[in-house]
Amino acid sequence: MINSDCILGLKMVLDQAMVAEFPRDFLGISIPDEPYKYYFVVRGQRIIVEADVSIQAIMDKLQSYKLRVMLNFEGLQYRLGDFRVRVGKVFPSHSENMRGIVMEVEYLPISSIEQSKQIMKEFLEIVQETLSNKSLPGQFTHTEPNFAEYGLSDQYTSQHAAIQYSTVMTQLIASSQLAQAGRN
């Protein structure tokens, strides 16, 4: 079972002169491979910060940011030869309404993102073809953030995973808002 949390925070600044100094929104992410670490992704400025998990308690005590959305990623992990596949559902923390299904695929022998692109592409084509034959509703969309924008190297790390989770979370929130606007 995998568990990941993503939090979208919104700043609360008492001194309006300081507003421009702080990011408006950030995503806080904890991932199962690094339970003692917490990642902040500031998408607007393309910043990722790695902190000790105790930073969450510090942020709560300071009350400088308030929680807007908290999504949980919960599912299972499989090992298929040289691939690690995680499949899970995404839902808001205080709700059972599923927002989406997430699949994370990692090719274990190669940590270079560039070198693994072709084999990952072929693996995902097989998965997509298999799912299309099952006549399931919905579709998987491939997300590939530009890690260089965040100053990350080609070697895959937990910071790369945090950026991927933040990208997925942003897409899920946007699609949820579009669906809600369509109902209104």
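Residues numbered from 1 in each chain as written. Predicted model: local features only at pLDDT ≥ 70, side-chain atom pairs only at ≥ 80, totals over all residues. Heavy atoms only, no water.

Another aspect to go through is the packing of aromatic side chains. We describe a pair of aromatic rings using the distance from one ring centre to the other and the angle between the two ring planes. With the rule as written, the count across this model stands at 4 aromatic pairs. Here Tyr 38 and Phe 40 contribute two aromatic rings whose centre-to-centre distance is 5.2 Å and whose plane-to-plane angle is 75°, an arrangement assigned as edge-to-face. Residue classification places Tyr 38 among the buried residues on the basis of a relative accessible area of 3%. Phe 40 sits in the buried class, given a relative accessible area of 11%. Ring centres of Phe 73 and Tyr 165 lie 5.1 Å apart, and the angle between their planes is 90°; on these two criteria the pair is classed as edge-to-face. Here Phe 73, found in strand β5 (residues 65-80), pairs with Tyr 165, found in helix α3 (residues 158-183); they are 92 residues apart in sequence, far enough to count as distant. On the accessibility criterion, Phe 73 (3% relative accessible area) is buried. Tyr 165 sits in the buried class, given a relative accessible area of 8%. By way of ring pairs, the aromatic residues Phe 83, Tyr 107 and Phe 123 are connected into one cluster. (Phe/Tyr/Trp six-rings, centres within 6.5 Å; stacked < 30°, edge-to-face > 60°. Buried < 20%, exposed > 50% of the residue type's maximum accessible area, 1.4 Å probe, protein only. Helix = DSSP H or I, 4+ residues; strand = E, 2+ residues; numbered from the N terminus.)

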